[in-house]
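Spelled out from the first residue to the last, the chains are:
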Amino acid sequence: MQDRFVDLLRHGEAQGGARFRGGHDDPLSAEGWDQMTRATAVNPDWTRVVCSPSERCSAFAQRLAETFNLPVSILPGLRERGFGAWEGLAAHQIPAAELTRFWDDPVGYAPPDGEPFEVFRERVMAVWGQVCDEGEPFTLAVTHGGVIRVVLAEVLRMPPEASLLIEVPPACLSRLRVPESPGRPSLMRHGSP
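The shown structure was predicted, so the numbers you read here are calculated from the model rather than taken from an experiment. Position numbers for residues count from 1 along each chain, tracking the sequence in the order it is written. The predicted nature of this model means local features are confined to residues of pLDDT at least 70 and side-chain atom pairs, given and counted, to a pLDDT of 80 or more, with totals for whole chains, interfaces and linings taken over all residues. Working from all heavy atoms in the structure, the side-chain values ignore hydrogens and water.

Trainee: Now, about the overall build of the protein: what can you tell me, with residues and values included?
Mentor: Put simply, DSSP marks the helices as runs of H or I at least four residues long and the strands as runs of E at least two long, and each gets a number from the N terminus on. From N to C terminus, the protein includes five helices and six strands. Written out in order from the N terminus, the α and β elements of the protein read β-α-β-α-β-α-α-β-α-β-β. Throughout, the radius of gyration refers to the C-alpha atoms, and the reference size of a globule is 2.2 Å times the residue count to the power 0.38. Against the 2.2 N^0.38 benchmark of 16 Å for 193 residues, the protein shows a C-alpha radius of gyration of 16 Å, consistent with a compact globule. Its C-alpha atoms give the protein principal-axis dimensions of roughly 50 × 40 × 25 Å.

Trainee: Account for unusual backbone geometry, naming residues and giving values.
Mentor: With the exception of glycine, the majority of residues adopt a negative phi angle, and the majority of peptide bonds are in the trans configuration. Although it is not a glycine, N69 adopts a positive phi angle of roughly 55°. Relative to the elements of secondary structure, N69 occurs in the loop between α2 (55-68) and β3 (72-74). Here D113, not a glycine, exhibits a phi torsion of approximately 60°, which is positive. Of note, D113 is situated in the loop between α3 (96-104) and α4 (117-133).

Trainee: Break down the environment of C172 for me, citing the residues and quoting the values.
Mentor: With respect to the secondary-structure elements, C172 resides in the loop between α5 (145-155) and β5 (173-178). Spatially, the C-alpha atom of C172 lies 8.0 Å from that of L8, the residues being 164 residues apart in sequence. The contact definition used throughout considers only heavy atoms, calling two residues in contact when any of these lie within 4.5 Å. Those residues in contact with C172 that lie beyond four places of it in its chain are L8, L9, R10, H190 and G191.

Purely geometric stuff here, so don't read any function into it on its own.
Rendered as structure tokens:
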């Protein structure tokens, strides 16, 4: 069996600017559409597209799949971490002490009524395992910054609390190689098409 590949694409800028969205489902801005179009301008032989159910991911994924005549699947496990009471808020709207606590301990501290990190991580790793086990030659996964950080931290064997140190800007594209077992996935590139 040959190596397989998975590209992880974060959604572009959403309407309303930078916010803790989680399940808050703002559509892409015009700039967000442009960012994602530029990031995917060259199809490196993707054989399928999977995506988060959030509109900021699924609308673009479906359009891209139609353009390249690819199958597309919505995978609920690819949705962003739930931010509870912080949903839809910009960082400056959150009490500084709470925000600092989150940045200092993203694993141990969840926003009020938010998804605990371990629940989020287990969900993401389950869908990552599913994507890897399906044996598809080249998958494009359109998802969120938090999901990408969790996958990259796992692949790079980083402690989970270090995942916030991975920058994942809008329309960031990362490529992972998935070798035949017993090989381990590896990061080929991050942050560029």
